[in-house]
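For reference, the chains in residue letters:
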Amino acid sequence: MTNAASKRWSDRIEHHDIIVNEVPGLRPLTLDLVVPVEAPQPVPVLVWIHGGAWLFGSPKQPADWLMEADPFAAAIRAGFAVASAQYRLSGEAHFPAQLDDVKAAVRWLRRHGDQVGVDRERIGVWGESAGGHLASMVALTGDDQDDSDVRAAVCWYAPSNLLTMQSQAHPSGTINHDAADSPESLLIGAPLADNPGLGRVASPITYVTDQAPPMLLIHGDQDVVVPVGQSEELAAALTAVGAEVELSVVPGADHCFGGVPLEPLIRDTLAFFTRVLIA
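To start, this report covers the structure provided alongside it. (Residues numbered from 1 in each chain as written. Predicted model: local features only at pLDDT ≥ 70, side-chain atom pairs only at ≥ 80, totals over all residues. Heavy atoms only, no water.)

For the structure on display, the rule yields one cavity of 30 Å³ or more. Lining the largest cavity, in full, are A169, H170, G173, T174, I175, H177, D223, V224, V225, V226 and P227. Per-class residue counts for the lining of the largest cavity are six nonpolar, four polar and one charged. (1 Å grid on protein atoms, 1.4 Å probe; cavity = no way out; pocket = protein on both sides within 12 Å on 5 of 7 lines; lining within 4 Å. Points joined across faces, edges and corners; volume = space filled by probe spheres on them. Nonpolar A, V, L, I, M, F, W, Y, C, P; charged D, E, K, R; others polar.)

So, about the packing of helix α3 (residues 97-112) against helix α4 (residues 130-141). Interaxial distance between α3 and α4 falls to 10 Å at its minimum, and their mutual angle equals 65 degrees. Taken together, the axes of α3 and α4 are roughly perpendicular relative to one another. The interaxial crossing formed by α3 with α4 has right-handed handedness. Here Q98, L99, V102, K103 and V106 of α3 lie close against α4, whose contacting residues are L134, M137, V138 and T141. A class-by-class count of the residues in the contact of α3 with α4 yields six nonpolar, two polar and one charged. (Axes fitted to C-alpha atoms, helices over the stretch in contact; angles between N-to-C directions. Helix = DSSP H or I, 4+ residues; strand = E, 2+ residues; numbered from the N terminus. Parallel < 35°, antiparallel > 145°, perpendicular 65-115°, else oblique. Left-handed = near helix turned anticlockwise from the far one by under 90°. Contact = heavy atoms within 4.5 Å.)

Turning our eyes to something else, we now look at the sheet that holds strand β2 (residues 12-21). Taken in spatial order, the nine strands line up as β1-β2-β3-β5-β4-β6-β7-β8-β9 in an open sheet, and their pairing is mixed. In this open sheet, the two strands that pair with only one neighbour each are β1 (5-8) and β9 (245-250). Strand after strand, the sheet turns through a mean of 15 degrees between neighbouring axes, direction not considered. With seven bridges connecting them, β2 and strand β3 (residues 29-36) associate as antiparallel partners. Residue pairing for β3: I18 is matched across the bridge by L31. (Pairing = 2+ DSSP bridges.)

Take a probe with the size of a water molecule and roll it over the atoms, and the empty space left behind shows itself. Of the volumes computed, that of the largest pocket is approximately 470 Å³. Together, 24 residues line the largest pocket, and R12, V34, F72, A73 and I76 are the ones closest to its centre. Split into classes, the residues belonging to the lining of the largest pocket amount to twelve nonpolar, four polar and eight charged. Space inside the second largest pocket adds up to approximately 320 Å³. Lining the second largest pocket are 26 residues, with G51, G52, A53, E128 and S129 positioned closest to its centre. Those elements that provide at least two residues to the lining of the second largest pocket are α1 (64-67) and α5 (183-188).

Written out as structure tokens, the structure reads:
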């Protein structure tokens, strides 16, 4: 692992800037990994995927509202390693580049995780908003043959079907998801309303099968950015094929779980991962 810088603390080891994907003409895409030292080795790992409408954000600068509760420290205390995946934003490349990059992070963990105390067979993906979309895409399209398979996924208020986003929109929502400049259209590189085929390819619900890993979907019922119907639709599709899925609709919560405490939802998330990946 010559391409990473490592630092040891009393409770954890941090590995920064592990190169997982090199795209010609673009900066190397990297992974940051934190491994607890007190947990039995090797440890299960959670791959965090940040949100930001596929337009903004960085795994190196988590949002202030998120870090007030610090889900990553909670995950470390619960015995998980945490990997933060970088991916190309839609202004840099169109879908499926984002999925390719997150899969590259999973692939690195599957192939090299034993070098850093990570269990390659116990990988979960966890994302919020656009990151939740990518987490569900990895969960539903991961392939054991190319080492992109994962064992579990938690998706916070994630788009699941780009073609139904607008019809499900909250009455107070201000985003026209079908518009040419919507985050969804920018993701696929064309107006969503005129290119349903591209929207379908970029929608997790397209890839639902009975082979899906266990998934937990958490969504606020007052989300004005990503309609709660998105998680309800995906949960219904997974249930219909007999896949294991849990849906938690949070009363009064807006996007980013605004209006409700975040700590209980972090506990629920880690309890799910503990049951699936540790217990």
